[in-house]
Amino acid sequence: MNEERFHISHELRIDWSELDYFKHVNNVSIFKYIQSARVNYWDQIGLTQFHRSANIGPMLASTHCDFSSPLFYPGKVKVLTRTEFIKNTSFGFAHMILNEAGEIAASAKDVMVMFDFNKNEKVIVPTRFREAIEQLEKVKF
């Protein structure tokens, strides 16, 4: 993954409680970092606020992570996020998880489906969010 293609960066402190038996960050914690970055991205485009007011928002459909190298405490982790695609009712993120030295610790992908929680059905990605993502990413989907 090319770091210049990521327009959202989210830095987190590694907590001692996130370590596993092998004294490195547990894979479950990596998924929490990815979740935090995903929500941070939604905040940047106004999607979190829209969900709170309209009860329409993203639902995670799938997530995948490839682990490259361990993360350790104490330290920080940086998650870079970008949108890879926008379809009719879904959109996808790519994440690059970096250690403090800027080395890739993991790479991940998410697919979200826009969902109307009032009607319990998926809906078309609203134009305002498609446009916000395109403006942020400097690309047309």
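Scroll up for the structure.
This report concerns the structure included in the present document. (Residues numbered from 1 in each chain as written. Predicted model: local features only at pLDDT ≥ 70, side-chain atom pairs only at ≥ 80, totals over all residues. Heavy atoms only, no water.)

1. A short note on the nonpolar core
Here is a general trend for soluble globular proteins: nonpolar side chains tend to be buried in one another's company. Our working rule: Here, nonpolar core refers to any group of buried Ala, Val, Leu, Ile, Met, Phe, Trp, Tyr and Cys residues whose side-chain atoms link them within 4.5 Å. With a 1.4 Å probe rolled over the protein chains alone, any residue whose accessible area is under 20% of its type maximum counts as buried; one over 50% counts as exposed, and the rest are partly exposed. We count a stretch as a helix when DSSP gives it H or I for four or more residues in a row; a strand needs E for two or more, and each element gets its number in order from the N terminus.
Ranked by size, the top nonpolar core spans 17 residues in total, and within it Tyr41, Trp42, Ile45, Leu47, Phe91, Phe93 and Met114 carry the most contacts. Contributions of two or more residues to this core are made by α1 (27-45), α2 (47-54), β4 (90-98), β5 (104-116) and α3 (127-137). Membership of the second largest hydrophobic core comes to 15 residues, among which are Ile14, Val25, Ile30 and Val79.

2. Concerning the side chain of Asn40
The cut-off we apply is this: The criterion used for residue contact is that any of the two residues' heavy atoms lie within 4.5 Å.
Turning to its location among the elements, Asn40 is positioned in helix α1. Its relative accessible area of 15% is what places Asn40 among the buried residues. The residues contacting Asn40, other than those within four sequence positions of it, are Ile8, Ser9 and His10.

3. So, the pairing of β4
Here is the rule: Each pair of strands is called paired provided DSSP finds at least two bridges between the two strands.
With nine of nine residues buried, β4 lies mostly within the body of the structure. Along β4, one buried face is formed by Ser90, Gly92, Ala94, Met96 and Leu98 and the opposite face, lined by Phe91, Phe93, His95 and Ile97, is buried too. In this structure, strand β3 (residues 75-86) lies alongside β4, joined through eight bridges in antiparallel fashion. By the bridge assignment for β4, Phe85 is matched with Gly92. The turn linking β3 back onto β4 is made up of three residues. With nine bridges connecting them, β4 and β5 associate as antiparallel partners. Across the sheet, Ile97 pairs through a bridge with Ala106, a residue of β5. Hairpin connection from β4 to β5: five residues lie between these consecutive antiparallel strands, with Gly102 at a positive phi of about 85 degrees.

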